[in-house]
Amino acid sequence: MSTPVVGESQHQIPLEFANEEESLKITGFWMFLMTDMIIFASLFAVFAVYRSRVAAGPTPDQLFHLGPVILETLLLLTSSFTIGMAVYYMRKDNLAAVYGWFIATIVLGAGFVITEVHDFVTYVHLGATWHVSGFLSGFFVLVGTHGSHVTFGIMWALTLLFQLRRRGLTDITRRKLFTFSLYWHFLDIVWVFIFTFVYLYGKF
Amino acid sequence: MLHRHFSRKGRRLLALAALGVGLLVAGCGPQYVVLHPVGPVGRQELSLMEFAAIAMAAVILIVFVLFGTAVVRFRDYKGNKNPYRPDFHDHRLLETLWIIVPAVILAIIAVPTVKTTYALAKLPAHTDPVTIDVTSLDWKWLFQYPNQKVATVNYAVIPTGKPVLFELTADSPMNTFWVPQLGGMEYTMPGRVLPLWLQANKAGVYWGHSGQFSGVGFEKMFFHVKAVTPTAFQRWASHTHATAAPMTMADYHRLLHFTVVGKQTYASYPKDTFPSVTHGFSLSGGMYLLVRNNPNRG
Amino acid sequence: MSDSLQQHESSEESMEPGLEFLAPKFESEAFPWTQIMGYVFSLVLTFAALLLVINHAMAPTLLLAVIIVLALGQAGLQLGVFMHLRESRGPAWQLLPLALAFFIAFGLIGVSYWIMLFKTGVS
Amino acid sequence: MPSFVPYLIHTLFPPDTRQPTELGADFMILVSGAGIFFYLQHFKKWKWLWTEWLTTVDHKKIAVLYLVSAVAMLFRGGVDALMLRTNLALPNIQPIGAVEYNEVFTTHGTIMIFFMAMPFIFALFNAVVPLMIGSRDVAFPRLNAVSFWLFAFGALLLNISFVIGGSPNAGWTGYPPLTEIAFNPGPGESYYFMSLLIAGIGTTITGINFLVTIIRMRAPGMTLMRMPMFIWTTLCTAALIIFAFPPLTVALGLSLLDRTFGSSFFTLAHGGMPMMYVNLFWLFGHPEVYIVVLPAFGVFSEVVSTFSGKRLFGYTAMALSTVAIMFLAYGTWVHHFFTMGAGPSVNAFFGLSTMLIAIPTGIKIFNWIFTMWGGRIRMTVAMLYQLAFIPTFVIGGATGIMLAVIPADYQFHNSYFLVAHFHNVLIGGTLFGLMSGLYYWWPKMFGYKLNERQGTWAFWCFAIGFWVTFTPQYLLGLEGMTRRMYTYPLGFGWHELNVISTIGAFIMGAGFLILVYNIYYSLRFQDKDLTGDPWDGRTLEWALPSPVPEYNFARIPVVNDLDAFWVMKQQGVTLASSLRAEDVRELELPRNSGMPFILGLGFFIGGFGMVFEWWPIAIFGGLIVVGSLVFSAFDYNDRKHMPAEVIRQTEAGLGRLQA
Ligand code: HEA
Ligand code: HEA
Ligand code: CUA
Ligand SMILES: [Cu+2]
């Protein structure tokens, strides 16, 4: 089905790019990531402006504890590495290794989400809901949007796991795994900025 | 000679149109408030407007002449003797020209624009302005005079020949404060005080209106600015302070209701009804109590 | 054999003059060194920022600038190492929009902030 | 359940929806709905509807769907406009009161921009972009259908607000705190936010789709600098969409959170900051106005060169100026709130960046004029719109520059001068462009031309009506009349000009009626166009028969120059004359799918539930959405084969296959 690519590079092109249509989807996914990036940028802009609008609520410094945040960062960075390894082994046609790294990614991601939810619940118990101030609204929505992206990613990964089991590494499942990895790394990048700009800067 | 006919008819039409517009604008009545400013702010804005309008007229003229010529000369009719030149599709000189000419025109407009923008942002030096705190409410205007201590609703009195500093805020959705004959508008926003200075050099009553839609009563947000001589102004202030009733907190809360009211005058007003820097930006209105009787719907 | 939606084969023939930098590059390695090094560096960058902040190592504005630079480094790392940024079939068209996206993203954050500072003139 | 029923009635049909106009609308909707139902039932067309239209992923059919919706929405928005103008015709007359007027101008603006201009543009994109670049489809056919259904259901959601629950009433810009629940209880504004969110997702997908289509799927040999100008503008529009819609999504989403879940983004209290919404909205809103005008520029570029019989003048400059406009469009948004006190430096910066746009736009204007220069201009309806466009748009642009003169804008802002400016560019630019494209590409889409004589009449009504309507509004602005007033007192001298303006609006309305009749008449009586090239066109879409077969190109053409088809005609080798039987191969085409429709329906149901805060319904809708996504993740069967023999027969039937 896949049209061969002309010329020298044919044997070097990974299978997920080899099929014209599947490779279109990768380009399309990059474009999607750009829109998502602007979404996050808008939320960052909101947060930047609202950072000092704490009304009667807590300031960032009073609110944040770095402990859980460092844990979340570690989990997410590691999962970014593991999904990178999954793609590496995918290109080596090593299905068993792909499984291993991929499942590790899902588990780490789940760990991230659980930690974050726990963290949020703590804040809410302290009375710091998003109703209280512009700052808290900005905070919860920025970080929460990232968190729900991760959650969505985990669900996506599960459907993908299922497809991998049924179909093995075809050009389509490869492309899907590859786009998933793009998504995941992208979330990692966003997190790094959240970590820096929300949490670390909050501790100034 | 079809195109001759066309262009003569066109010219006649053009002349007629010009006459019409000319009559409307040049002989314009006093209702063209933007064109009849009575103070330095409005006047500066008007002169920039005129300047830009002239520049734009030049641009429009150039385009229209070229466009008209092209259409008249190159229509597809039998016997059109004008050359058909399908390969005429690039011309370095022309293309440079229509980058440079607009750029120059824009530069000419841009310089005074920026200058005036900065100039209007500063109060004239060596003047002590009268300060008026303006709060837009649903759907009325509250004017408070921090120095004279009086307050009015839906009208303001200002001295002539002096800059007046309006400090604008809102205890309601946004509006803009606009008195066309004095000068341009500025938003009134909750949680923020924006300064706007205006000046009237001629005594008179000038109407103002909100420029930003704020619900069903928005259309009724007309108010008047009465410019009187400085002595008359002082007299008015002290007379009002002495004779009118004071505004209580309850009065203020009544003003917050979604209503349209007439002119009102108060001898004094509770502090904290206008956000001051020391108080942060919290009005004591308590808008949220009033949700129920909102006539925005039905 | 059947045609897909698009019949033409591409890659190098559609590389237009001036756009050579979009030529794709594919990575392949016998052992995942790049990935591992990428991981290590990402940890280093993160903890560097963390330590700087915890120790209040410099003046706040400078510190903010430094940790943002570190975050940008991290972003570059993820994009370059893990996201196979330059890979594509045909020209790597994602590069141009990506550059634009970064520009717009930072522009909109910075300029929004600038607007909301309200450096209103009248005083 | 007697206690349940009054509650339902009160929520769905609150008192303010029980007004004569709305009851009339209810009635019309019921009647036309019933009419459609019985038509389908009687002629047993349900299956046809489902297989041919609701599940289609063919870009040409999606184009038709977009077009039909856009014309319907032009009608809706136009009727709204006539209601506005009627109310303003004379001082203190109030055929409709304040409450309704506010709803009407809000829906007028929202519908015209989001549900008329946007789908109209997408109709043209879908109809011709793949054909122009020599491709068999867009990059993601199924997502293309998803886009359409998200748009359609978003539009439906906004449109039912008029009869169920209450319309939005805070302007097309929806500034808080007026849209906050404290000032705007009831479902109206939630409808606005929800429907724009849904349609916005669809639009974003369209942007991605066409961007990828254009950068990846051009025919061999069609380098960037050989792309037709319409493709350039589509490309830049798509890029604008990708980067402009996310801020809108955020602005709408945060407002919805404020309204429904009690967050404090734009509220009066709790440190909320309404201006941030304004900032985000215009971060989208300004690019948006170029999103709707760039495609029109593209149409004009095609039309002017076709009907002047000349290559587009200054092609390179045209392409680069499009790109320049795209870039600059992101950097000017603050000019919509110069009067919000951001300070002279911010204002000066954005005033200058705004003025800069005049340069690339001017390049375009002059290039169009010089395309005509030395040509032979054929006065078709499409070309008439082009001719009306140039002077109209230049004046609209010039008044735009006057608005960009910051201190002048302090006086112009939100006055009728502004209203006149933006109708001048939106109608003179966008609407005229869309009309031009409609007449130009209609034969390609449907296989016959629209009647030119009637088209000319409609054109003159639109053009003259336009000037009569909006010239007086400039003067009204100078008289100090502000926008969004449902009526005005006598004594300001505003009535004379308002009467004239209203008369003009009705002249435009007459134009619209003629247009509708023109479509109806042409459908019945116009001859079929058998050539596929009725205008002596220059670009690849005219190389195909009309209407175009499902697979577009039996064999993908090779492009050697700008105006590919023109060159082919010059050399005497068109696609029609050169296709041999052995060139035809079996094709793989996208397979129809019900998923996009179901997904859109899920969004609609979920959105409806959100609007009324009926959570079971909202969750149900959400589950449909998730279900369709999961389904399509596991659906590997999304293509179908079209045997070579079928294609050979089709082409032979069209007389395009060499024996
Ligand atoms: C199709 C839509 C469209 C287009 C193309 C434009 C084009 C432009 N617009 Fe307009 N605008 C709107 C739609 C559009 N606008 C809408 C809908 C609003 C209001 C929204 C609302 O509040 O509801 C608005 C509001 C608006 C404002 C805000 C005013 C206010 O709220 O106070 C401003 C201010 O700067 C502005 C400026 C401009 C400028 C400078 C251009 C320029 O792009 C124009 C450039 C073109 C030319 C200048 C003509 C051709 C050029 C030449 C012939 C070359 C030579 C020219 C010179 C040397 C000047 N517009
Ligand atoms: C592409 C966009 C577009 C288009 C095409 C139009 C078209 C028109 N607009 Fe619109 N307009 C906007 C976009 C547009 N507008 C926007 C964005 C706003 C701002 C909204 C806001 O403030 O939030 C606005 C606001 C606006 C106002 C200001 C309202 C106010 O501030 O109070 C006015 C007033 O005159 C107006 C008039 C018109 C008229 C007369 C037309 C005419 O061109 C319409 C022509 C009519 C038709 C095409 C159809 C006619 C229908 C029939 C003939 C059927 C008759 C049958 C029956 C009556 C049953 N518009
Ligand atoms: Cu009177 Cu101008
Ligand atoms: Cu704009």
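About the criteria used
- Residues numbered from 1 in each chain as written.
- Chains lettered and ligands numbered in written order.
- Predicted model: local features only at pLDDT ≥ 70, side-chain atom pairs only at ≥ 80, totals over all residues.
- Heavy atoms only, no water.
- Contact = heavy atoms within 4.5 Å.
- Buried area = accessible area lost by both parts, 1.4 Å probe.
- Salt bridge = Lys/Arg side-chain N within 4 Å of Asp/Glu carboxyl O.
- Polar contact = N/O pair within 3.5 Å; in protein donor to acceptor, adjacent residues only side chain to side chain.
- Patch = residues over 30% accessible without salt bridge, like charges linked within 9 Å, V, L, I, M, F, W, Y side chains within 5 Å.
- Areas by Shrake-Rupley, 256 points an atom, 1.4 Å probe, with all protein chains shown as cover.
- Helix = DSSP H or I, 4+ residues; strand = E, 2+ residues; numbered from the N terminus.
- Buried < 20%, exposed > 50% of the residue type's maximum accessible area, 1.4 Å probe, protein only.
- Nonpolar A, V, L, I, M, F, W, Y, C, P; charged D, E, K, R; others polar.
- Donors = N, O, S within 2.8 Å, 3.2 Å for Na, K, Ca; no water.
- Tetrahedral: all angles 85-135°; square planar, octahedral: opposite > 155°, others 65-115°.
- pLDDT = per-residue confidence, 0-100.
- Core = buried A, V, L, I, M, F, W, Y, C linked by side-chain atoms within 4.5 Å.
- Near = heavy atom within 4 Å.
- Pairing = 2+ DSSP bridges.
- Domains from an automatic or database assignment.
- Phe/Tyr/Trp six-rings, centres within 6.5 Å; stacked < 30°, edge-to-face > 60°.
- Lys NZ or Arg CZ within 6 Å of the ring centre and 35° of its normal.
- Axes fitted to C-alpha atoms, helices over the stretch in contact; angles between N-to-C directions.

Here we take up the interface of chain B and chain D. At the junction of the two partners, chain B supplies 90 residues and chain D supplies 98 residues. Between chain B and chain D, the buried area comes to about 8,300 Å², and carbon and sulfur atoms account for 73% of it. The tally of links from chain B across to chain D stands at 0 salt bridges. In this structure, the connection of chain B to chain D is made through 22 residue pairs in polar contact (both at pLDDT 80 or more).

With that settled, the discussion passes to a nonpolar patch on the surface. All names here are of chain B. Among the surface-exposed residues, Phe51, Ile99, Ile100, Val104 and Ile108 lie close enough to one another that they form a single nonpolar patch of about 410 Å² accessible area. Take the nonpolar patch: its biggest share by element is 4 residues, from helix 3 (residues 92–120). Within the secondary structure, isoleucine 100 is located in helix 3. The exposure class of isoleucine 100 is partly exposed, given its relative accessible area of 47%.

Attention shifts here to the interface of chain A and chain C. On the side of chain C, 59 residues touch chain A, which itself brings 56 residues to the contact. Both sides of the chain A and chain C interface together cover about 5,000 Å² of buried area, and 76% of this is carbon and sulfur. Counting the contacts that link chain A with chain C gives 0 salt bridges. Elements with a minimum of two residues in the side of chain A that touches chain C: helix 1 (15–18), helix 2 (20–50), helix 4 (66–91) and helix 7 (171–202) of chain A. Of the residues assigned to the side of chain A that touches chain C, the class counts are 38 nonpolar, 12 polar and 6 charged.

In this section: the coordination of the iron atom of ligand 2. All names here are of chain D. Within the first shell, the iron atom of ligand 2 binds the protein through His108 (NE2) and His423 (NE2), at distances of 2.0 Å. In this structure, the iron atom of ligand 2 is surrounded by 6 donor atoms whose angles at the metal cover 86 to 179 degrees, and the resulting shape is octahedral. Highlighted residues: histidine 108 in helix 5 (residues 98–132) and histidine 423 in helix 15 (residues 416–446), separated in sequence by 315 residues. In terms of burial, histidine 108 and histidine 423 fall into one category: buried.

This part takes up the coordination of the copper ion (ligand 4). Residue and element names in this part refer to chain D. Within the protein, the copper ion (ligand 4) binds to His286 (ND1), His335 (NE2) and His336 (NE2); these donor distances fall in the range 1.8 to 2.1 Å. If you look at the copper ion (ligand 4) and the iron atom of ligand 1, they sit 4.5 Å from each other. With histidine 286 in helix 9 (residues 274–308) and histidine 335 in the loop between helix 10 (315–329) and helix 11 (344–356), this pair connects stretches of sequence that are 49 residues apart. As far as the burial class goes, histidine 286 and histidine 335 line up, both buried.

Another point: the confidence of the model for chain A. Looking at chain A as a whole, its pLDDT mean stands at 88, while 93% of the residues score no less than 70. Note on residues 1–11 of chain A: pLDDT is under 50 here. Beyond four places in sequence and across chains, it has 22 contacts.

What follows deals with the nonpolar core. Phe139 and Tyr199 of chain A, Phe177 of chain B together with Phe115, Trp368 and Met372 of chain D are the most contacted members of the largest nonpolar core, which totals 422 residues. The element that contributes the greatest number of residues to this core is helix 5 of chain D, accounting for 24 residues. In terms of nonpolar packing, the next biggest core, distinct from the first, is built from 10 residues, Leu137, Ala151, Tyr252 and Leu255 of chain B among them.

All names here are of chain D. The local shell around ligand 2 holds 32 residues, among which Tyr101, His108, Trp172, His423 and Arg484 are the closest. In this structure, arginine 85 approaches ligand 2 through a side-chain N or O atom, which is 2.8 Å from an oxygen atom. The set of elements that each furnish at least two residues to the shell around ligand 2 consists of helix 4 (59–88), helix 5, helix 15, helix 16 (452–478) and helix 17 (495–525). Split by residue class, the shell around ligand 2 holds 21 nonpolar, 8 polar and 3 charged.

This part covers the pairing of strand 10 (residues 223–228) of chain B. Residue and element names in this part refer to chain B. Here strand 4 (residues 155–159) runs beside strand 10; their pairing, made up of 5 bridges, is parallel. Bridge pairing in strand 10 links alanine 156 to valine 225. Where strand 9 (residues 204–210) meets strand 10, 5 bridges bridge the pair, whose relative direction is antiparallel. Within strand 10, the residue paired with valine 205 across the bridge is lysine 226.

Turning our attention to the domain arrangement of chain B. Residues and elements named next belong to chain B. The domain boundaries assigned to chain B delineate domain 1 (33–76 + 93–120) and domain 2 (130–270 + 283–291). The C-alpha centroid of domain 2 is placed 36 Å from the C-alpha centroid of domain 1. Across the contact, 12 residues belong to domain 1 and 14 residues belong to domain 2. Both faces combined, the contact of domain 1 with domain 2 buries some 1,000 Å², and carbon together with sulfur accounts for 61% of it. Three residues, Val33, Val38 and Val41, lead the burial of domain 1 against domain 2; their summed loss comes to 53% of the area buried on that side.

What follows deals with the packing of aromatic side chains. Under the defined criterion, the tally for this structure stands at 125 aromatic pairs over all chains. Ring geometry for phenylalanine 222 of chain B and phenylalanine 492 of chain D: centres 5.0 Å apart, planes at 25 degrees, overall stacked. Placement of the pair is phenylalanine 222 of chain B in the loop between strand 9 and strand 10 and phenylalanine 492 of chain D in the loop between helix 16 and helix 17, with the two residues belonging to separate chains. Across the pair, phenylalanine 492 of chain D and phenylalanine 222 of chain B agree in class, each one buried. Considering the side-chain rings of phenylalanine 612 of chain D and tryptophan 614 of chain D, the 5.1 Å spacing of their centres and the 25 degrees angle between planes classify their relative orientation as stacked. Summarising the burial analysis for this pair, phenylalanine 612 of chain D and tryptophan 614 of chain D share the class buried. Note that arginine 167 of chain A overlies the ring of tyrosine 636 of chain D, its terminal NZ or CZ placed 3.6 Å from the centroid. Over the ring of tryptophan 53 of chain D we find lysine 61 of chain D; its NZ or CZ atom is 5.7 Å from the centre of that ring.

Remark on secondary structure: sheet strands pair via backbone hydrogen bonds, oriented parallel or antiparallel. Residue and element names in this part refer to chain B. One open sheet accounts for 6 strands, arranged 8-5-1-2-3-11; its pairing is mixed. The open sheet has two edge strands, strand 8 (194–198) and strand 11 (264–266), and neither has a second partner. In this sheet, neighbouring strand axes are inclined to one another by 20 degrees on average, regardless of whether the strands run parallel or antiparallel. In the sheet, strand 2 (residues 140–144) pairs with strand 3 (residues 151–153) via 3 bridges, with the strands oriented antiparallel. Within strand 3, the position partnered with glutamine 144 by the bridge is alanine 151.

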